[in-house]
Amino acid sequence: MIEHVTFILSFFVLFFVLLLIYDMVSLYKRKREQKIDQRKKEKLIKLILKKDNKKIIQKLKSLSYLYVFCNMLEENLEIENETIQDIVSKKEYQTILLSLASIYQKKDDLEKAYYAYMLQFIQIEQKEIDHFLFHCVTSKSLYCQENALQAFYHSGNSDKVVEAYQIMSRQNINYGYKLVADGLSNFIGDKEELCKKLYERFDEFKEPFKIGFLTFFRQCKYDVKKELIERLKNPKNIEKEVEIEIIRYFSKVLDKKASIILLERLENNYYKDFEYDVVIIQTLANYPSPKTIKVLTKSLSNYNYYVRYNAAKSLKKMTDLKKITGLTDPFAIEMVQALISQEV
C-alpha cells in the first residue's frame, strides 16, 4: 500500500516537473520569437526611411517579414511623425505592394491569407489586387476567404463586395450565414447602398448567403418590408431557413401588415412546424395587442415545449402573466406558473 502511494506521488511530482519545464521552454521560445520579430520590425523601418524599395520587396516576399509588416499596419505604427498606413498609401509604396500580388498568388493559402489581410489596411485600386482577392474568396482556406472579404469591406466598395459573394455562391463555397452577416457589418462604405445592391440580386444567391443578407438587413433596419411581405404571401419557392429569417426580420423592422399575416398563420397552424411557430411567437412579442395576447395564450396549450415556453415569454413582455385566466390545459398552467415563479 505504501509503495503504491509512493508511486502515485512520484508520478505527480514528475508530471509537475515536466509541466514546469514545458512552460519554461515555451516562455523562452516566445521571448526569442518576440526578439526576432522586433529585429525584423527595425529592419523594415530602416528600409522605409531609406526608401530602399528593392530591399523592401525582397523582405516582404518572406512570410515572416510580411507577418511583422501586417502587425505594424494593424497598430498603425508611427515613423518620424507619420503613421505607417499614411506612408504606404503613397504611390511609390503602392507600386511596391502591388508587385507582391503576383508573387503571393502562386504561394500557399496561408501566405495568401496574410497578403489579403495586409490589404484591408491599404487601399490599392488596381485590377491585379481585385483579381487576387476574388481568387482568394474561392480558396478552401477559411482564413483566406475571410481576409479577402475583409479587404473588400474596408475598401468601402459595395460593387466589389456583391461580386465577391456572387463568385462564392456560384462556386458553392461553404460559408456560414453568421460569417456573412458579421462580415457585412464591418463594411465601411454606405451600408444602405450595399443592402440595396444585395437585395437587387438576392435570388441569385444560395441559401446561406440569403440568410446572412437578411440578418444584415435586420441589423441595419434596412427597409425591404413590402418586398419581404410579398415573399411571405408567396412562399412556394422560399427555403425554410430563409423564410424563418424573413419572419425574424419583422422583429426589428416593425410592420402591421406583417404582424397580421403572422398572427393568422400562428392561430391557424399554417406551417404545422414548431420551428416556424417559435420564431413567429418571438417576433410577435414586439406587437402587443389584445389579439396578440389571445393568440399567444392559445399557444400556451401547444404540444411542443418550446412553443409553450416562448409563448409564455412573449406574453410576459406585454402583460402580467397573473392576469391570464381561463387556462385549463395543465401544460399551459405549469408553464405560466414557472415563469411567474422566476419573478419572485
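Everything quoted here is computed from the prediction, not taken from an experiment.

The rules behind the values
Residues numbered from 1 in each chain as written. Predicted model: local features only at pLDDT ≥ 70, side-chain atom pairs only at ≥ 80, totals over all residues. Heavy atoms only, no water. Axes fitted to C-alpha atoms, helices over the stretch in contact; angles between N-to-C directions. Helix = DSSP H or I, 4+ residues; strand = E, 2+ residues; numbered from the N terminus. Parallel < 35°, antiparallel > 145°, perpendicular 65-115°, else oblique. Left-handed = near helix turned anticlockwise from the far one by under 90°. Contact = heavy atoms within 4.5 Å. Nonpolar A, V, L, I, M, F, W, Y, C, P; charged D, E, K, R; others polar. Disulfide = S-S within 2.5 Å. Buried < 20%, exposed > 50% of the residue type's maximum accessible area, 1.4 Å probe, protein only. Phe/Tyr/Trp six-rings, centres within 6.5 Å; stacked < 30°, edge-to-face > 60°. Lys NZ or Arg CZ within 6 Å of the ring centre and 35° of its normal. Patch = residues over 30% accessible without salt bridge, like charges linked within 9 Å, V, L, I, M, F, W, Y side chains within 5 Å. Areas by Shrake-Rupley, 256 points an atom, 1.4 Å probe, with all protein chains shown as cover. Salt bridge = Lys/Arg side-chain N within 4 Å of Asp/Glu carboxyl O. Core = buried A, V, L, I, M, F, W, Y, C linked by side-chain atoms within 4.5 Å.

Caption draft 1: Up close: the packing of helix α7 (residues 127-136) against helix α8 (residues 142-155). Orientation of α7 relative to α8, taken along the N-to-C sense of each, is 140°, at an axis distance of 8 Å. Taken together, α7 and α8 sit at an angle that is classed as oblique. Between α7 and α8 lies a crossing of left-handed hand. Mapping the contact onto sequence places Asp 130, Leu 133, Phe 134 and Cys 136 in α7 and Cys 144, Gln 145, Ala 148, Ala 151 and Phe 152 in α8. For the contact of α7 with α8, a count of residues per class yields seven nonpolar, one polar and one charged.

Caption draft 2: Summary view of the state of the cysteines. Going through the model one piece at a time under the given rule, you end up with zero disulfides. The cysteine Cys 136 is free of any disulfide, with Cys 144 supplying the nearest cysteine sulfur at 3.7 Å. Cys 195 forms no disulfide, and the closest cysteine sulfur to it belongs to Cys 220, at a distance of 4.4 Å. Residue classification places Cys 195 among the buried residues on the basis of a relative accessible area of 1%.

Caption draft 3: Summary view of the packing of aromatic side chains. Summed over all chains, the structure comprises 18 aromatic pairs. Between Phe 205 and Phe 209, the aromatic rings sit 6.4 Å apart at their centres with planes inclined by 45°, giving tilted as the arrangement. Phe 209 carries the same exposure label as Phe 205, and that label is buried. Look at Phe 205 and Phe 213: their rings are 4.8 Å apart centre to centre, the planes differ by 90°, and that puts the pair in the edge-to-face class. The same class applies to Phe 205 and to Phe 213, which are both buried. Put simply, the rings of Tyr 165, Phe 205, Phe 209 and Phe 213 touch in pairs and so form one group of aromatic residues. Cation over ring: Lys 40 sits above Tyr 65, and NZ or CZ is 5.4 Å from the ring centre. Over the ring of Tyr 270 we find Arg 265; its NZ or CZ atom is 4.3 Å from the centre of that ring.

Caption draft 4: Quick peek at a nonpolar patch on the surface. Residues Phe 274, Tyr 303, Tyr 305 and Tyr 306 make up a contiguous nonpolar surface patch of roughly 490 Å² in combined accessible area. Within the secondary structure, Tyr 303 is located in the loop between α17 (290-299) and α18 (305-318).

Caption draft 5: Broad picture of the pattern of salt bridges. What the rule picks out here adds up to 17 salt bridges. For Arg 218, the salt bridge is made with Glu 245, and the minimal N-O distance between the two is 2.9 Å. Pair noted here: Arg 218 is in helix α12 (residues 207-220) and Glu 245 is in helix α14 (residues 240-249), with a separation of 27 residues, a long-range link. Note on Arg 218: relative accessible area 16%, which makes it buried. With a shortest N-O distance of 2.9 Å, Asp 273 and Lys 240 are connected by a salt bridge.

Caption draft 6: Representation of the nonpolar core within the structure. The biggest cluster of nonpolar side chains holds 109 residues, and the ones touching the most others in it are Tyr 115, Met 118, Tyr 165, Leu 184, Phe 213 and Phe 217. Those residues within four positions of Leu 184 in sequence are excluded, and the remaining contacts are Tyr 153, Val 161, Tyr 165, Lys 191, Leu 194, Leu 198, Phe 213 and Phe 216.

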